[in-house]
Each structure stands twice: as C-alpha cells, then as structure tokens.
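This is what each chain is made of:
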Amino acid sequence: MITAHMDQALLFRSLHDPARPLALANAWDVGSARVIEAAGAPAIATTSAGVAWSLGRPDGETVSADEVVELIARIVAAVDVPVTADIEGGYGQDEPGVAATVARVLEAGAVGVNIEDGTLPPAELGARLTAARAAAERAGVPLFLNARTDTYLFGLGDPATRLKDTLERARGYVNAGADGIFVPGVTDPATMAELAAGISVPLNVMAGPGAPTVAELGALGVARVSLGSGVAQAAYTAARHAAQRLYDTGDYQPLAEAIPFPELNGLFPDPGARSTASA
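Parameters at a glance
Residues numbered from 1 in each chain as written. Predicted model: local features only at pLDDT ≥ 70, side-chain atom pairs only at ≥ 80, totals over all residues. Heavy atoms only, no water. Helix = DSSP H or I, 4+ residues; strand = E, 2+ residues; numbered from the N terminus. Rg over C-alpha atoms; globule rule 2.2 N^0.38 Å. Buried < 20%, exposed > 50% of the residue type's maximum accessible area, 1.4 Å probe, protein only. Contact = heavy atoms within 4.5 Å. Phe/Tyr/Trp six-rings, centres within 6.5 Å; stacked < 30°, edge-to-face > 60°. Pairing = 2+ DSSP bridges. Right-handed = clockwise from strand over helix to strand, strands pointing away. Polar contact = N/O pair within 3.5 Å; in protein donor to acceptor, adjacent residues only side chain to side chain. Salt bridge = Lys/Arg side-chain N within 4 Å of Asp/Glu carboxyl O.

*Asks:* Residue-level account of the overall build of the protein, with values.
*Replies:* Per the secondary structure count, the protein includes 12 helices and 8 strands. Relative to a compact globule of 279 residues, whose C-alpha radius of gyration would be 19 Å, the protein shows 19 Å and is just as compact. Dimensions of the protein, computed from C-alpha atoms along their principal axes, come out at roughly 55 × 50 × 35 Å. Burial status across the protein gives 45% buried among its 279 residues.

In structure tokens form, the structure reads like this:
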C-alpha cells in the first residue's frame, strides 16, 4: 500500500508539464469522480465549493476536516488515478491544525492538496505551507503542495502592482515549501505568460468559457488547468433545466442526453462482488 501511494504521488508530480498540461475537471463526490475518470482524466481533483454544496452548505470552510477526509477516502477507494484535495485554508486554526489535516488527507490516500491564502496575510499562508510540508515529510509521501493565491480572483491590492504582488507571494510560497502555484481569476494570456515566466514551479490556472484551450495555455507556460467549481455548476444547471422543463412544459427532452443507466450504473462495482473477489 505504501509503495502504491508513493507511485501515485510520483505519477501525479510528473503530470505537471506545460508541454501537455494537466487538465483537471474537479469532482465533488464519488459519482462525479468516477464519471470524470471514465472520461479519461489522468487524475482527480476535488472542488471545495462542490463538496460544500453537496452537503447543503455554502463554500468557504463551512465543512469540517472530518467530512473532507471521509470524502477523500471514498474517492481514493473508487478511482485508480491520483487524487488531489482542495482543503481551502487547511481546515485548521493554526499551523498544527493545518498539519493535522494534511496528515489525515495523506492517510486517506490523496497525493496532493491545494491550500489558499484568500484574505490571509501571505506570511500566514507561508507558515501553513511549511507546516503542511513538514507533515508530508513525516508521512514519507512526496505530497504535491499547490499554493493558491487569490490576488486576481478577489481583486486584492492595486491593479497596477497586482502582477508584481502575485509574483512576490509566489516566491514566498515556494520558499515555504510549495510545489506549484495556483492563480485563479487570471484571464489575460499575457499576464499568464508573465506569471509562468516569473514562477519557478508549475503554474496552475482556472479555466472556463472563453479561456484559451488547454494546449494554448500550455504554450503560455501553464502546467495545470483546473475547472474549479465549473463542472458542479454545470451539473446543477442540468438538474434545474430538467426540472424547469418538467414543471413548465411537462416534457422530458433534457433527459435525452443523459448517460444511459447501464453505463452509469456500471461505473460502480457491486460491493459484494468486490468483497468476493478480494477474498
């Protein structure tokens, strides 16, 4: 088991390459993870927003570390590809709390985490990253520690110096132990290229409608492309559309493009059959 975990961690690390960027359609439960894996995903990443919505909560650290760890363990058990977890600010009030969360996420089988600064002072996220790296070293797992900075997503600071500020944060986070830098909210290709050139570790951006293709982002130097909460939003949009058609017109046309029941059901092995096979 330890060797398999190590292999998954090294594989996940190797996937961060601008020549062929790691594309992640973020999952929020076992079902979405299995569907995404079956579509050809080389790895599974979670979305904190999607996880929170699935539990009836808003996004923003409203879920507990216990709930997140349980979900990660379920996803890891259900897929064959590496799993990386969005743990927001680390689900801890201080560095020891964040380290404890990271240790539990690793024990659940994940090989990567995202930790974000949000409105935290950069020095505070740096301390959390250092604690997370130490927890991974104690566990003996080469965790891919992705540091997210929300300078662009939240429009922090002076727009005229935002690029400079982001690069300064990135350098500090790398020095604190980050293996990658995630800058959601960037839409300008020239800015992405400057970020990639100025950051010494793989750059992760969040993409959506109107953004350059994965290959085009790779040409700019981006090594990892995430869809964030976008897939969960699209799934809930499909549910709303089907319900609205049912109640407004009484027809069922939105269901015509649904994954066939046998195909979807087949993504989930019979637990009894799995137990028999393992025996």
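*Asks:* Describe in detail the environment of Val 35, supporting the description with residues and values.
*Replies:* Relative to the assigned elements, Val 35 resides in helix α2 (residues 30-38). Taking relative accessible area as the criterion, Val 35 reaches 30% and is therefore assigned partly exposed. As a C-alpha pair, Val 35 and Tyr 236 span 201 residues in sequence and 15 Å in three-dimensional space.

*Asks:* Residues and numbers for the environment of Arg 133, please.
*Replies:* Inspection of the secondary structure assignment puts Arg 133 in helix α6 (residues 122-139). Residue class for Arg 133 comes out buried when judged on its relative accessible area of 15%. The contact partners of Arg 133, leaving out residues within four places of it in the chain, are Leu 143, Leu 145, Gly 177 and Asp 179.

*Asks:* Could you give me a rundown of the packing of aromatic side chains, with the residues and numbers involved?
*Replies:* One pass over the structure, following the stated rule, counts 2 aromatic pairs. Considering the side-chain rings of Phe 12 and Phe 144, the 5.8 Å spacing of their centres and the 90° angle between planes classify their relative orientation as edge-to-face. Here Phe 144 lies in strand β5 (residues 144-148) and Phe 12 lies in helix α1 (residues 2-14), a separation of 132 residues in the sequence.

*Asks:* Describe the sheet that holds strand β7 (residues 203-206), and please don't skip the residues or the numbers.
*Replies:* If you walk across this open sheet you meet the 8 strands as β1-β8-β7-β6-β5-β4-β3-β2, and the pairing is parallel. At either margin of the open sheet sits one strand with a lone partner, and together these are β1 (22-24) and β2 (44-45). Judged from the 3 bridges that link them, β7 and strand β8 (residues 224-226) form a sheet pairing that is parallel. Its bridge partner lying in β8, Asn 204 is registered against Arg 224.

*Asks:* How would you explain the pairing of strand β3 (residues 83-86) if you had to name every residue and give the values?
*Replies:* Side chains of β3 alternate between two faces, with Val 83 and Ala 85 and Thr 84 and Asp 86 buried alike. In this sheet, β3 lies alongside β2 in parallel orientation, the contact comprising 2 bridges. Bridging across to β3, Ile 44 finds its partner in Val 83. Two elements, β3 and strand β4 (residues 112-116), share 3 bridges in a ladder whose sense is parallel. Following the sheet pairing, Thr 84 is matched in β4 by Gly 112. What joins β3 to β4 is helix α5 (residues 95-107), and the crossover it makes is right-handed.

*Asks:* Just give me the short version of unusual backbone geometry, but keep the residues and values in it.
*Replies:* If you check the backbone angles, Glu 61 has positive phi at about 55° while not being a glycine. Tracing the chain through its elements places Glu 61 in the loop between α3 (48-54) and α4 (65-78). Judged by its relative accessible area of 37%, Glu 61 falls in the partly exposed class. At Glu 88, a residue that is not glycine, the phi angle is positive and equals roughly 50°. Classification of Glu 88 as buried rests on a relative accessible area of 3%.

*Asks:* With reference to specific residues and values, describe the side chain of Asp 179.
*Replies:* With respect to the element layout, Asp 179 can be found in the loop between α7 (162-175) and β6 (180-182). Assessed through its relative accessible area of 15%, Asp 179 is described here as buried. A polar contact is formed between the side chain of Asp 179 and the side chain of Arg 13, at a distance of 3.2 Å. Among the polar contacts made by the side chain of Asp 179, one reaches the side chain of Arg 133 at a distance of 2.3 Å. In contact with Asp 179, not counting residues within four places along its chain, are Arg 13, Arg 133, Leu 143, Phe 144, Leu 145, Val 201 and Pro 202.

*Asks:* Give me the pattern of salt bridges: which residues, what numbers.
*Replies:* Opposite charge on two side chains lets them pair, provided their charged atoms get close. Evaluation of the coordinates by the stated rule reveals 12 salt bridges. Two residues, Glu 67 and Arg 57, come together in a salt bridge whose shortest N-O distance is 2.7 Å. Here Glu 67, found in helix α4, pairs with Arg 57, found in the loop between α3 and α4; they are 10 residues apart in sequence, far enough to count as distant. Between Arg 104 and Asp 66 there is a salt bridge, and its shortest N-O distance comes to 2.8 Å. Remark: Asp 66 occurs in helix α4 and Arg 104 occurs in helix α5; sequence separation between them is 38 residues. Each of Arg 13, Arg 133 and Asp 179 takes part in one network of salt bridges that share partners.

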